[in-house]
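Below, each chain spelled out in residue letters.
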Amino acid sequence: RPRVGTAQWANGRGQPLMRVLHAASAGYLRRHPWQLALAVLGIAVGVAVIVAVDLANSSARNAFSQSMDAVVGKATHQIIGGPNGLDETLYTRLRVEHGIRSIAPIIEGTASASGESLQILGVDPFAEREFRTYLAAGGGSSVRTLLTTPGAVVLSAETATALALATGDSFEIEINGLRHSAYLAAQLPASSASAGFRNVLLCDISVAQTWMGMGGRLSRIDVRLGDEQAIERLQSILPAEVQLLNAAGRTSAVAALSQAFATNLTAMSLLALLIGVFLIYNSVSFAVLQRRKLIGVLRALGLTRAETVRLILGEALLLGLTGSALGLVCGVLLGQELLQLVAQSINDLYFRVSVTNVQLQGLSLFKGVTAGLLATLVASAVPAIEAASFAPRLAQSRAALEGRTGRALPWLAGLGLMAAVVTVPLLAYSGQSLVAGLLALFTLILGFALCIPLLVRWLVAVLAPVAQTLAGTMARLAVAGIGAHLSRTGIAVVALAVAVSATIGVSIMVGSFRLAVSDWLDNTLQSDFYVAASRGELSRETMTRIAALPGIAAVSSSRRVWLESASDSAGSGNRIRLIALQMAPRSYSGTELLDADPEVAWRQFERDGAVLVSESFAFKQGLASGDPVYLPTALGRRAFQVAAIYRSYDANPAAVMMSRSIYDLFWKDSAIDALGLYLQDDANATDVRAALAAVETTGLQLAIRSNTELRTLSLKIFDRTFLITNVLYWLAVIVAVVGILAAMLALQLERAREMATLRALGVTRAQLAGMVTLQSGLLGLLSGITAVPLGLLMGYVLINVINRRAFGWTMDIAIEPAVLWSALGLAAGAGALAGLYPAWRAGRAQPARAMRVD
């Protein structure tokens, strides 16, 4: 027979060597369907989580963008005013005196109808044609009806269906606690163009002004400008108290509020895939190991190393494609469930988004398939190269693999330590980059994971004699078997350890965050009662009347408004939450100052017009005490000195606190959002609450909450926000449990002859099953033990790096011992559970069949 290096030599039946190996592969997969299923499942779950999170994030983001695009229309810029909007005479002057025709007045607000939240969009039908075309889509008579019928509105067909309305129906809407009659004049037909108008209520601008109590005022003026010269001309004639902002920039500024939230969810989804990589490696390496004799024979007959690698990677890619396809289907289904959690969190924390169904995105599906295939290639590359590197005679030896694995462990651990060390400069020189922080976290996880097999070998060496003393020979065999098969057990321990460390790290982060928020609420909510207007508006006269009630010792007031300014030359928006406070004597202790002497800072705040900035805003903008912060006011852009940075866990990160007396100097706004009431020491809270409920004037109804009620509501929102995080890391644990199950099945198949020998020597089925169960449970316990230090490091990085860069907050680390104990119990329980089926199979094995030589 000629010597060949291309594997074209055929066997007696004329089949190339590659066909022999392919046929053996197919036979292996048929004989071990569980291994095949678990490998596919590992890929599928990882891909499903990535696709689900990406679809949920993109669907919520696209729904918001569609809504904003529909509302903004073809406007290139928007003219905005201060907290009270714009005087409508400005629109008249621009159109009549200056001849600017490409402008349209807008009234915006919120309403509710039959439990549905609606966005009010009041427009001038005659000025709309250059900006939005929805009125034409609503029918030829819709404009006339809007102008002539009191309360006439236009809704999308989807919204009308949700409200059980037909064209011509009358219904009620509620705005600021007041009810108004509306008439459905027309419906926008269902189409991609009208998708952005879901839950948008269109009406004539005069109707919206009446409903919103904005007589003579506008929310904004939409502008359509074609060149820089027109922009500069318009800017030159605008009053100092108004601004011209880029329309797309304003939309982006609002959407950017939730970007850090979405990025963190994506990182959690990648963690599930990372654990899946270990599972894929386990399955592929086992498949290679099962055919090591055949590979050795064919290598001796001329199969090249390149062909061996190509064959194994091809099989792995086939598994990857199958798992990715299954993952896409599961990801779409899971994404529908996650979408509701994502949308709820965005609505609670950032802005209103109306989305009910996942919007399939080709990019999201491509990301999932690409991630699944790349993970498969990375995981299968090591066993493929390892199989090709064996000398033919060693490929037939099981001990060869374990010998190489044992010699590689110190090198792997050294590589892991180097990876962990790399995280230090990566964090030190990456500034505020959230992506770099997440990359450093994954580098830390990967580095620690490479060290785990060596730690397992050391632990097993210590535990084996102890097991012999406590439970006899079978227990020692179970413990020693873990160290003897580290090529298999090490990967299983790594997968579960990473998953359990994620539960520890995230639990520490969430627990520390919740404790910090709870303490912050306890400190901030100093008032005994908080009063807002559920109907109508609070006024200074109402505040005076409440302050005079029996039992009231002091009253504070707050006004919260959004300020927008151009953050760049293109006019893109920069949003700042301004909080104007008239503080009672006891209010000062409710604000924790972080970098200034409280006595000096409060004096500057009240007397000198200085401001306080939130910790997150200061971090993002690089501010410190004494620095200036620039705000758009009714008198133009003004600089205010920062008196101090204050602690705040408010969802709106860019917050500036100002004295109400200073606010009144720079803004023409007398409105009050809420009152804080401090009771006298001998006051009866029930009597005071009853007296407050009686303080009602025409059109005013008060919403009264105690500090306890507000605290409970805030923590409820907090817990609801982190529900999706819990879902994601439990999915990661499921992937890891599958990995333990795959490893135990692999061991049971590999050691079939060894177990048959034990049965022949007198070991009972129950003893054999017990040994497998103990070994599986111990694998879980070792995973838990090695997961604890990694989990603690992850918790530290999540709190001091990821959370800090994403939101700008700082907090103390709070470690509950129960978290660590529960993680150990989870790992041991998961390992024991995953070993039940392999133990049952081991107990049922037939010794004679297992000991038969092929």
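Definitions and cut-offs
- Residues numbered from 1 in each chain as written.
- Predicted model: local features only at pLDDT ≥ 70, side-chain atom pairs only at ≥ 80, totals over all residues.
- Heavy atoms only, no water.
- Helix = DSSP H or I, 4+ residues; strand = E, 2+ residues; numbered from the N terminus.
- Buried < 20%, exposed > 50% of the residue type's maximum accessible area, 1.4 Å probe, protein only.
- Contact = heavy atoms within 4.5 Å.
- Areas by Shrake-Rupley, 256 points an atom, 1.4 Å probe, with all protein chains shown as cover.
- Arc of directions from axis to C-beta.
- Core = buried A, V, L, I, M, F, W, Y, C linked by side-chain atoms within 4.5 Å.
- Phe/Tyr/Trp six-rings, centres within 6.5 Å; stacked < 30°, edge-to-face > 60°.
- pLDDT = per-residue confidence, 0-100.
- Salt bridge = Lys/Arg side-chain N within 4 Å of Asp/Glu carboxyl O.
- Axes fitted to C-alpha atoms, helices over the stretch in contact; angles between N-to-C directions.
- Parallel < 35°, antiparallel > 145°, perpendicular 65-115°, else oblique.
- Left-handed = near helix turned anticlockwise from the far one by under 90°.
- Nonpolar A, V, L, I, M, F, W, Y, C, P; charged D, E, K, R; others polar.
- Pairing = 2+ DSSP bridges.

Quick look at the overall build of the protein now. A tally of helices and strands in the protein yields 30 helices and 20 strands. For the protein, the residues scored as buried account for 53% of the 854 residues in total. For the protein, the proportion of contacts with a sequence separation of at least 24, taken over those separated by at least 6, is 80%. For the protein, the exposed area adds up to about 36,500 Å²; of that, 59% sits on carbon and sulfur atoms.

Moving on: helix 20 (residues 598-607). Of the residues making up helix 20, those classed as buried are Ala601, Trp602 and Phe605. Each buried residue of helix 20 lies within a common arc of 95 degrees when the element is viewed along its axis, so the set occupies one face. Along helix 20, the residues that are exposed and aim more than 90 degrees away from the buried face are Glu599 and Arg607. On its buried face, helix 20 is in contact with strand 15 (611-614), strand 17 (636-646), strand 18 (655-659) and helix 22 (660-666). Directly after helix 20, the chain includes Gly609, whose backbone phi takes a positive value near 80 degrees.

Attention now goes to the nonpolar core. Core analysis: the biggest nonpolar cluster contains 64 residues, and Val456, Ile504, Phe513, Tyr649 and Ile802 have the highest contact counts within it. When residues of this core are traced back to their parent elements, those giving at least two are helix 15 (398-428), helix 16 (434-471), helix 17 (473-484), helix 18 (486-524), helix 24 (707-721), helix 27 (765-807) and helix 28 (817-834). Considering every element that reaches this core, the biggest residue donor is helix 18, with 18 residues. Not counting residues up to four positions away in its chain, the partners in contact with Val456 are Ile482, Leu486, Val493 and Leu782. Formed by 45 residues, the second largest nonpolar core is a distinct cluster that contains Ile103, Ala104, Ile205 and Met212.

As a further point, take the packing of aromatic side chains. Scanning the entire structure with this criterion turns up 10 aromatic pairs. Here the aromatic rings of Phe513 and Trp809 are separated by 5.1 Å at their centres, their planes lie at 40 degrees, and the arrangement is tilted. Here Phe513, found in helix 18, pairs with Trp809, found in the loop between helix 27 and helix 28; they are 296 residues apart in sequence, far enough to count as distant. Here Phe513 falls in the buried class, since its relative accessible area comes to 6%. With relative accessibility at 7%, the residue Trp809 sits in the buried group.

This part takes up the side chain of Ser558. Residue placement: Ser558 occurs in strand 13 (residues 552-566). Judged by relative accessible area, which is 14%, Ser558 ranks as buried. Ignoring anything within four residues of it in the chain, the contact list for Ser558 reads Ala580, Leu581, Ile672, Asp673 and Ala674.

Okay, the environment of Ser776 next. Positionally, Ser776 belongs in helix 27. Once the C-alpha coordinates of Ser776 and Gly829 are considered, the two residues, 53 residues apart in sequence, prove to be 9.4 Å apart.

Next up on the list: helix 3 (residues 88-97). Taken as a whole, helix 3 has its buried residues at Leu90, Tyr91 and Leu94. Looking down the long axis of helix 3, one finds its buried residues gathered within 105 degrees of arc, a one-sided arrangement. Exposed residues pointing more than 90 degrees away from the buried face of helix 3 are listed as Val96 and Glu97. In the core, the buried residues of helix 3 are packed alongside strand 1 (77-80), strand 2 (86-87), strand 3 (103-113), strand 9 (217-218), strand 10 (220-223) and helix 8 (228-237). One or two steps after helix 3, the chain reaches Gly99, where phi turns positive at roughly 70 degrees.

Here the protein averages 78 in pLDDT, while 78% of its residues score no lower than 70. Of all secondary-structure elements in the protein, the lowest mean pLDDT belongs to helix 14 (residues 392-395), at 52, while strand 15 reaches the highest, 94. Contacts for the low-pLDDT stretch residues 1-15, under 50 throughout, to residues beyond four places or in other chains number 22 contacts. Under a pLDDT of 50 for its full length, residues 568-572 has, in the predicted model, 9 contacts with residues more than four places off or in other chains.

This part covers the pattern of salt bridges. Across all of its chains, the model carries 14 salt bridges by this definition. Residue Glu174 pairs with Arg179 through a salt bridge whose shortest N-O separation is 3.7 Å. Close ionic contact of Asp664 with Arg660 constitutes a salt bridge, the shortest N to O distance being 3.0 Å. Of this pair, Asp664 and Arg660 are both found in helix 22, 4 residues apart, which corresponds to roughly one turn of the helix.

A separate point is the environment of Gln340. With respect to the secondary-structure elements, Gln340 resides in helix 12 (residues 305-349). When its relative accessible area of 37% is taken as the criterion, Gln340 is described as partly exposed. The spatial distance from the C-alpha of Gln340 to the C-alpha of Ala60 is 9.3 Å, given a sequence separation of 280 residues.

When two helices pack together, their arrangement is given by the angle between the helix axes and by the axis-to-axis distance. One way to put it is that helix 27 packs onto helix 28 with a least axis distance of 7 Å and a crossing angle of 150 degrees. Between helix 27 and helix 28, the angle is such that the two are roughly antiparallel. Read as a crossing pair, helix 27 and helix 28 show a hand that is right-handed. Here Ser776, Gly777, Gly780, Leu781, Gly784, Ile785, Val788 and Leu792 of helix 27 come into contact with helix 28, specifically with Leu820, Leu824, Ala827, Ala828, Gly831, Ala832 and Ala834. Tallied by class, residues from the contact of helix 27 with helix 28 come to 10 nonpolar, 5 polar and no charged.

For the rest of this paragraph, the subject is the pairing of strand 19 (residues 674-679). Most of strand 19 sits out of view: 5 of its 6 residues are buried. As defined by bridge partners, strand 12 (residues 529-535) adjoins strand 19 across 4 bridges and the pair is classed as antiparallel. What sits directly across from Phe529, in strand 19, is Leu677.

Phi at Ala164 is positive, roughly 60 degrees, even though this residue is not glycine. Following the sequence through the fold, Ala164 ends up in the loop between helix 6 (157-162) and strand 6 (170-175). Under the relative-accessibility criterion, Ala164 is labelled exposed at 66%.

The side-chain alternation of strand 20 (residues 701-706) yields one buried face, formed by Leu702, Ile704 and Ser706, and one unburied face, formed by Gln701, Ala703 and Arg705. Bridging between strand 12 and strand 20 involves 6 bridges; their strand directions are antiparallel. Across the sheet, the residue bridging to Arg535 is Gln701, located in strand 20.

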